[in-house]
Amino acid sequence: MIERLTEIMKRLRDPVAGCEWDRVQTWSTIAPYTIEEAYEVADAIERDDPADLKDELGDLLLQIVFHAQIAEDAGAFTLADVVDGIADKMERRHPHIFGDASASPGWETIKAAERMAKSDDAADTSAITGVALGLPALARAEKLQKRAARVGFDWPDAAGPLAKVHEEIDEIATAGPDTVAEEMGDLLFAVTNWARHLGIDPEAALRRGNAKFEARFRAMEHEAGSGFAALTLAGKEELWQAVKRRGG
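A quick note: this is a predicted structure, and the numbers were derived from the prediction, not measured. Chains are numbered independently. Their residues run from 1 in the order of the written sequence. Confidence filtering applies because this is a predicted model: local features only for residues at pLDDT of at least 70, side-chain atom pairs given and counted only at 80 or more, and all residues used for totals across whole chains, interfaces and linings. The basis for the side-chain values is all heavy atoms of the structure; hydrogens and waters are excluded.

Caption draft 1: Quick look at helix H11 (residues 202-224). Numbering goes from the N terminus for both helices and strands, where a helix is a DSSP run of H or I of at least four residues and a strand is a run of E of at least two. Expected helix span is given by 1.5 Å per residue-to-residue step, counting one fewer step than there are residues. In a regular helix each residue adds 1.5 Å, so 23 residues correspond to 33 Å; H11 covers 33 Å between its end C-alpha atoms and thus fits that length. Listed as buried for H11 are Pro202, Ala204, Arg216 and Met220. Throughout, a contact is declared for two residues whenever any of their heavy atoms are within 4.5 Å. As for H11, its buried residues are in contact with helix H8 (137-150), helix H10 (180-197) and helix H12 (233-245). Nitrogen and oxygen atoms within 3.5 Å of one another constitute a polar contact, given that in protein one can donate a hydrogen and the other can accept it, and given that sequence-neighbouring residues count only through two side-chain atoms. Two to three positions downstream of the cap, the backbone nitrogen of Glu203 sits 3.0 Å from a side-chain oxygen, assigning the N-cap of H11 to Asp201. A positive phi of about 65° marks Gly225, the residue just after H11. The classification of residues rests on relative accessible area computed with a 1.4 Å probe and restricted to protein chains. Under 20% of the type maximum is buried, over 50% is exposed, and intermediate values are partly exposed.

Here you go:
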């Protein structure tokens, strides 16, 4: 099973007889592929496609093995270290299951202690310490908001973030060229906060929005045929509305 995959990766990374592409890769060069594979896993789940999910999980597993092999080649750590580390973490985070605690001290309490132990700056006790900079911006915004909410910095209901959305729209309308991008960022952050208060996963919602746009746009192209590009904007809008009315 996993041993077969690790041996394949070792051979691919062999400095003499390995694959030219695989043996020159670094953590940085394959990081984009790792992120892409994670999104493809999410896409297979969204489409409720177990067969594709199996394949995509394999692709993601390959990325983990690849990163671990690069680390082993550099003398940093091994795949076994990765597995032991996550196993230790899961036991540590469930002391009421794997230890002698009568009840869990709380997920955030445990994670806060872990963040403090890992932090290079022992004085950094912020509730938002450790929210990875490498996360996609939408996911990072939501995570920052959740962290802040856990210590009481949050709207009591969805009305607050909705009002903030309207406020940010007004600020964009009056912003100059030097500040409009910053204000747009504030609006996106506010929309993410509003979605969170409505119990909506903003990333999943945007994926569904993308899929809906893609389906409708393809339907427009199919209906108009080769003359689509030549249609006026008004003609394209009329076609869009027709597709929308048909439930496209």
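Read on, since the account is not over.
Caption draft 2: A look at the packing of H8 against H10. Axis lines are fitted through C-alpha atoms, for helices just across the contact stretch, and the angle between N-to-C directions can take any value from 0 to 180 degrees. It is at 9 Å that the axes of H8 and H10 come closest, and there the two elements cross at 60°. The orientation of H8 with respect to H10, classified from their angle, is oblique. When the axes of H8 and H10 are compared, the crossing they make is right-handed. On the side of H8, the interface is formed by Leu138, Ala141, Glu142, Gln145, Lys146 and Ala149, while H10 contributes Phe189, Thr192, Asn193 and Arg196. Gly counts as polar in this scheme, as do all residues outside two lists: the nonpolar Ala, Val, Leu, Ile, Met, Phe, Trp, Tyr, Cys and Pro, and the charged Asp, Glu, Lys and Arg. Of the residues that constitute the contact of H8 with H10, the class distribution is four nonpolar, three polar and three charged. The labels follow the angle: roughly parallel below 35 degrees, roughly antiparallel above 145, roughly perpendicular from 65 to 115, and oblique for the rest. Here a crossing is called left-handed whenever its near helix is offset anticlockwise from the far helix by less than a right angle, and right-handed whenever the offset is clockwise.

Caption draft 3: View of unusual backbone geometry. Unlike most non-glycine residues, Asp48 shows phi in positive territory, near 55°. Within the fold, Asp48 resides in the loop between helix H3 (27-46) and helix H4 (50-73).

Caption draft 4: Summary view of the nonpolar core. The term nonpolar core refers to a set of buried residues drawn from Ala, Val, Leu, Ile, Met, Phe, Trp, Tyr and Cys, joined through side-chain atoms within 4.5 Å. If you look at the biggest cluster of nonpolar residues, it comprises eight residues: Leu5, Met9, Ile30, Val65, Phe66, Ala68, Ile70 and Leu79. Among the secondary structure elements, those contributing two or more residues to this core are helix H1 (2-12) and H4. With four residues, the top contributor of residues to this core is H4. For Ile30, the contacting residues outside a window of four places in its chain are Trp21, Gln25, Gln63, Phe66, His67 and Ile70. Core analysis: the second largest hydrophobic core is formed by five residues, Phe228, Leu239, Trp240 and Val243 among them.

Caption draft 5: Region of the structure containing the side chain of Arg147. For Arg147, the location among the structural elements is in helix H8. Residue classification places Arg147 among the buried residues on the basis of a relative accessible area of 4%. Only 3.1 Å separates the side chain of Arg147 from the backbone oxygen of Ala127, close enough to count as a polar contact.

Caption draft 6: Seen up close, a negative patch on the surface. A patch consists of residues exposed above 30% relative accessible area that lack any salt bridge, with like charges linked at up to 9 Å and nonpolar side chains (Val, Leu, Ile, Met, Phe, Trp, Tyr) linked at up to 5 Å. Accessibility throughout is a Shrake-Rupley quantity obtained with a 1.4 Å probe, and a residue counts as covered only by protein chains that appear here. A side-chain nitrogen of Lys or Arg and a carboxyl oxygen of Asp or Glu constitute a salt bridge if their distance falls within 4 Å. A residue counts as positive if it is Lys or Arg and as negative if it is Asp or Glu; His and the chain ends are not included. In plain terms, the charge of a residue is placed at NZ if it is Lys, CZ if Arg, CG if Asp and CD if Glu. Residues Asp81, Asp84, Asp88 and Glu91 make up a contiguous surface patch of negative charge. By secondary structure assignment, the location of Glu91 is in helix H5 (residues 79-92).

Caption draft 7: Focus on the packing of aromatic side chains. Only the six-membered ring of Trp is used, alongside the rings of Phe and Tyr, when aromatic pairs are assigned; centres must lie within 6.5 Å, and planes under 30 degrees apart are stacked while those over 60 apart are edge-to-face, with the rest tilted. Per the stated rule, a full pass over the model turns up six aromatic pairs. Taking 5.7 Å as the distance between ring centres and 25° as the angle between the ring planes, the aromatic pair formed by Phe213 and Phe217 counts as stacked. Note that Phe213 and Phe217 are positioned in helix H11 at a spacing of four residues, about one turn of the helix. The partly exposed category is assigned to Phe217, whose relative accessible area is 29%. Sitting above the plane of the Phe228 ring, Lys236 keeps its charged end 5.4 Å from the centroid. For a lysine, the NZ atom is tested; for an arginine, the CZ atom; a charge sits over a ring if that atom is within 6 Å of the ring centre and within 35 degrees of the ring normal.

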